[in-house]
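# Report on the structure
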Amino acid sequence: EADIYQTPRYLVIGTGKKITLECSQTMGHDKMYWYQQDPGMELHLIHYSYGVNSTEKGDLSSESTVSRIRTEHFPLTLESARPSHTSQYLCASSDQHRGTSNEKLFFGSGTQLSVL
Amino acid sequence: AQSVAQPEDQVNVAEGNPLTVKCTYSVSGNPYLFWYVQYPNRGLQFLLKYITGDNLVKGSYGFEAEFNKSQTSFHLKKPSALVSDSALYFCAVRDPVYNFNKFYFGSGTKLNVKP
């Protein structure tokens, strides 16, 4: 069982609210990711991090921001939520280092966000 | 551009029968290929991967996948399906030449195994 946790599991909020989705892992992994998942659609990478103080935008344009102040913590923030942000958000981590192929992702259970 | 295609939204199979979940990919170099499974209300879990070597790779829960370079495919297989295999399956690819740090996922295939 992977030691990566996401909270909340479900969130229903009104338009314009600021929200933070939490993600923590206890495996000491350097790399962490945020994916957005809609039903019947592929997972889209929205943010990733190589380690503390390192964050990069992914392939999918996102109005969210992330921070990586501690290795174990990778929160995602929406400053002003809109109905178009309604989706499932998945956090993942891995211990892959550049130059090696032996990487696999460990996923959290996800946060289902609904913006009314 | 890197991409993964799972042509079937849903696969239905009877318990005890063999199952195949299809995946094709497009990358610039030699691919690193993965299968993940998502059970209801759970996060994705790693099943198996192909990096190099034998084209047939074996993974968790009796699953295996066959890498076919000429057909750019990496189909997931199991000789005898169980009802408990019912879940959402995702194929993923990583391009070790370009975008080494990114996984690209397919849209997922829902596997229904009926008793």
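Definitions and limits used
- Residues numbered from 1 in each chain as written.
- Chains lettered and ligands numbered in written order.
- Predicted model: local features only at pLDDT ≥ 70, side-chain atom pairs only at ≥ 80, totals over all residues.
- Heavy atoms only, no water.
- Core = buried A, V, L, I, M, F, W, Y, C linked by side-chain atoms within 4.5 Å.
- Buried < 20%, exposed > 50% of the residue type's maximum accessible area, 1.4 Å probe, protein only.
- Helix = DSSP H or I, 4+ residues; strand = E, 2+ residues; numbered from the N terminus.
- Contact = heavy atoms within 4.5 Å.
- Polar contact = N/O pair within 3.5 Å; in protein donor to acceptor, adjacent residues only side chain to side chain.
- Pairing = 2+ DSSP bridges.
- Phe/Tyr/Trp six-rings, centres within 6.5 Å; stacked < 30°, edge-to-face > 60°.
- Lys NZ or Arg CZ within 6 Å of the ring centre and 35° of its normal.

## A closer look at the nonpolar core
Residues and elements named next belong to chain B. In this structure, Trp 35, Leu 47, Leu 48, Phe 74, Leu 76 and Tyr 89 are the most contacted members of the largest nonpolar core, which totals 29 residues. Looking at this core, the elements that each hand over two or more residues are strand 2 (10-14), strand 3 (19-21), strand 5 (32-38), strand 6 (44-50), strand 8 (64-68), strand 9 (73-78), strand 10 (87-94) and strand 12 (109-114). With four residues, the single largest contributor to this core is strand 10. Once residues lying within four places of it in the same chain are set aside, the contact partners of Leu 47 are Trp 35, Tyr 36, Val 37, Gly 59, Ser 60, Tyr 61, Phe 63, Leu 76 and Tyr 89.

## Considerations on the environment of Lys 78 of chain B
Residues and elements named next belong to chain B. For Lys 78, the position within the fold is in strand 9. Separated by 61 residues in sequence, Lys 78 and Asn 17 have C-alpha atoms that sit 8.7 Å apart. Not counting chain neighbours up to four residues away, the residues in contact with Lys 78 comprise Asn 17, Pro 18, Leu 19, Tyr 61, Gly 62, Phe 63 and Asp 85. Within the structure, the side chain of Lys 78 is placed 2.8 Å from the side chain of Asp 85, a separation counted as a polar contact.

## A look at the pairing of strand 5 of chain B
Residue and element names in this part refer to chain B. Among the seven residues that make up strand 5, seven are buried, leaving the element largely enclosed by the rest of the structure. Burial along strand 5 is two-sided: Tyr 32, Phe 34, Tyr 36 and Gln 38 facing one way and Leu 33, Trp 35 and Val 37 facing the other are all buried. In terms of strand pairing, strand 5 meets strand 10 through seven bridges, oriented antiparallel. Its bridge partner being in strand 10, Gln 38 is matched across the sheet by Leu 88.

## Examining the sheet that holds strand 8 (residues 76-78) of chain A
All names here are of chain A. The antiparallel open sheet is built from four strands, whose spatial order is 1-3-8-7. In this open sheet, the two strands that pair with only one neighbour each are strand 1 (4-7) and strand 7 (65-66). Note that strand 7 and strand 8 share two bridges and pair antiparallel. Bridging from a neighbouring strand, Val 66 pairs with Leu 76 of strand 8.

## Quick look at the packing of aromatic side chains
A complete count under the given rule lists 17 aromatic pairs over all chains for this structure. Pairwise contacts between aromatic rings join Tyr 33, Tyr 35, Tyr 48, Tyr 50 and Phe 107 of chain A together with Phe 34, Tyr 36, Phe 46, Phe 103 and Phe 105 of chain B into one cluster. Above the plane of the ring of Tyr 10 of chain A lies Arg 9 of chain A, whose end atom (NZ or CZ) is 5.0 Å from the centre.

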